[in-house]
Amino acid sequence: MANRNTVTRFAPSPTGYMHIGNLRTALYSYLIARHGGGTFILRIEDTDRERLVEGATDVIIKTLADVGLRYDEGPGVGGEHGPYVQSERREIYKKYAEELVARGAAYYCFCTKERLERLHEEDENGGYDRHCRDLSPEEVKKNLEAGIPYVIRQKMPTEGVTSYVDEVFGEISTENAELQDQILLKADGYPTYNFCHVVDDHLMGVTHVVRGSEYLTSTPKYALLYDAFGWPRPHYVHLPLLMGRGEDGTVSKLSKRHGAVSFQDLVAAGYLPEAILNYIALLGWCPKESENEFFTLSELEALFTIDGVSKSPSVFDYEKLLWFNGEYIRRLPFPKFCELATPYLPADLPKALDKDKLLSLLAGRVSCFSEIGEKVAFFRELPAYDVSLFPNKKNKVTPELAPTLLAAAEEALSAISVWDNDTLFTVLSSVAEAAGVKSGAIFWCVRIAVSGKTVTPGGATEIMEVLGREESLARLAAARAKF
RNA sequence: GGCCCGUUGGUCAAGAGGCUAAGACAUCGCCCUCUCACGGCGAAAACAUGGGUUCGAUUCCCGUACGGGUCACCA
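Below is a short write-up of the structure. (Residues numbered from 1 in each chain as written. Chains lettered and ligands numbered in written order. Predicted model: local features only at pLDDT ≥ 70, side-chain atom pairs only at ≥ 80, totals over all residues. Heavy atoms only, no water.)

Taken in spatial order, the three strands make up an open sheet running β11-β10-β12, and their pairing is mixed. Each edge of the open sheet is held by one strand with a lone partner, namely β11 (251-253) and β12 (314-315). (Pairing = 2+ DSSP bridges. Helix = DSSP H or I, 4+ residues; strand = E, 2+ residues; numbered from the N terminus.)

Put into structure tokens, the structure is as follows:
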């Protein structure tokens, strides 16, 4: 049973997809909780009403389920600190915002958006001029009664320094003069992230706030909020960002222009959830024993500690993900491989074709399921190819030798009726012997003849076995006719 | 631009004052092999820079450069 000594949360806003950087944050947050036998909470931060996306929460829940990140409290599973969707907690935020005003740590602001825009035009780096900070209680009361729209702003100290200790980055200090009187409660009555996450984290008993390092510099403002309420500050765990490399070689926050960056895009592209999870676990964290790179979720739960988290951002490397994926695919039990690979086979493969044998050739040669279509295309239809493919130095095949070998192979193969790999191998080997060439020479020519390619999933005889007698012989004859 | 953070091979990274500076991906070579892949062996490849501190700095401190983040009624 989960304890509450360590309580973490994953608090995404429902955008409609799960960014891989977000997924890693969820993973680390989960691992920190689980490592201590603690509680992991899912909370949906949907306070931006203009960016609401239908069904987005389901995507988040499904993704977490797909990778095995089970949460103890949250939408769908409940808990004692709910509701876990911020839009359902509006009265709570309003109450606490007003309490902050009463405590003198926040104030009503009646400035219009037009005024703020004008301010920004006059001085781009100026920020809000605190126009309403010192309104008299009478003025506030009058405006409120007149129904003038308002926001509630946090009253920042104007001098001194605020600092906190981050578990990854160490002490972070900020001059209070740098801090803006940020908005806590918007005019539409919804709170801003800056406010509600603090209220929720406190109310939900979150002990470790785990999030991306883009929050590193705004955290002093949040710490001040805890102080104003008289609440104990949580531990902060900021994570290094995940970067992508652009075509021009520059790196920046991983985004769509870097390729598939959402979990579901990656899965759709043929990556296994376990491989994705394993790979991203290692982006920004390294176990004490750093030789092994393969970890299951439960192994990670046992191993993960915050001091293994790195400070510097890491570049997402699709090559290495592909390698991990290949490793995971190769470790799949064959039936499982078939189940996952079959949807990627072209729908219009010849009926006679032995799909099981084809899949057995593919298993072990596939790093990503999306490669399958291209790899097996020649089974469906022989691609156009040129006789210049035949000459090959390593196998000692000359332009003159090729047609001779093809003719010999065709003759020998049309004489047999048993059509399995062993028989084909034996027959072709003896053809090679009779012709006085190394066996590689004949296999090389036959492979090209039946596939139109020099690189195929499986050897020449394996391909022919799958292709079947009739089609194989037809392709052999066609090849011979090219000369 | 102000503020904050970071900087070990192309990439992920170990290292936590004294090491021939791990390992993995990618690259290249050799072997295995009916091609490719897998597997095995091997090669090339790094402590951004200038000052300190120290008997000794990749490791500690300061500056510089470069990179990133952040400055919303978005989260």
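Next comes the rest of the account.
Our next topic: the environment of Gly 458. Mapping Gly 458 onto the fold places it in the loop between α17 (439-451) and α18 (460-467). Gly 458 sits in the buried class, given a relative accessible area of 6%. Among residues more than four places away in sequence, those in contact with Gly 458 are Leu 361, Arg 365, Arg 447 and Ile 463. (Buried < 20%, exposed > 50% of the residue type's maximum accessible area, 1.4 Å probe, protein only. Contact = heavy atoms within 4.5 Å.)

This paragraph deals with the pattern of salt bridges. Evaluated as defined, the whole model comprises 29 salt bridges. Between Glu 73 and Arg 4 there is a salt bridge, and its shortest N-O distance comes to 2.6 Å. Of the two residues, Glu 73 is situated in the loop between α2 (56-67) and α3 (90-102) and Arg 4 in the segment before β1 (7-10); the sequence distance between them amounts to 69 residues. Its relative accessible area of 34% is what places Arg 4 among the partly exposed residues. Via salt bridges that share partners, Arg 9, Arg 43, Glu 45, Arg 89, Asp 200 and Asp 201 belong to a single interconnected network. (Salt bridge = Lys/Arg side-chain N within 4 Å of Asp/Glu carboxyl O.)

Okay, the protein's contact with RNA strand B next. Taken together, 62 residues surround RNA strand B, and among them Lys 186, Gly 284, Glu 293, Arg 365 and Arg 447 come closest. Restricting attention to atoms of RNA strand B within 4 Å of the protein, one finds that 68% of them are sugar or phosphate atoms. Between Ser 314 and RNA strand B, the recorded distance is 3.3 Å, taken from a side-chain N or O atom to a phosphate oxygen. Between RNA strand B and Thr 461, the relevant distance is 3.0 Å, taken from a base nitrogen to a side-chain nitrogen or oxygen of the residue. No other element matches the five residues that helix α11 (residues 318-330) contributes to the surface near RNA strand B. Class assignment for the residues of the surface near RNA strand B results in 23 nonpolar, 19 polar and 20 charged. (Near = heavy atom within 4 Å. Polar contact = N/O pair within 3.5 Å; in protein donor to acceptor, adjacent residues only side chain to side chain. Nonpolar A, V, L, I, M, F, W, Y, C, P; charged D, E, K, R; others polar.)

One pair of aromatic rings is described through two measures. These are the centre distance and the angle between the planes. Enumeration over the complete set of coordinates arrives at 29 aromatic pairs. Ring centres of Tyr 96 and Phe 229 lie 5.7 Å apart, and the angle between their planes is 80°; on these two criteria the pair is classed as edge-to-face. You can see Tyr 96 sitting in helix α3 and its partner Phe 229 sitting in helix α7 (residues 219-229), a full 133 residues away along the chain. Accessibility expressed as a relative area gives 13% for Tyr 96, which makes it buried. One aromatic cluster in this structure is built from Tyr 279, Phe 294, Phe 316, Tyr 318, Trp 323, Phe 324 and Tyr 328. (Phe/Tyr/Trp six-rings, centres within 6.5 Å; stacked < 30°, edge-to-face > 60°.)

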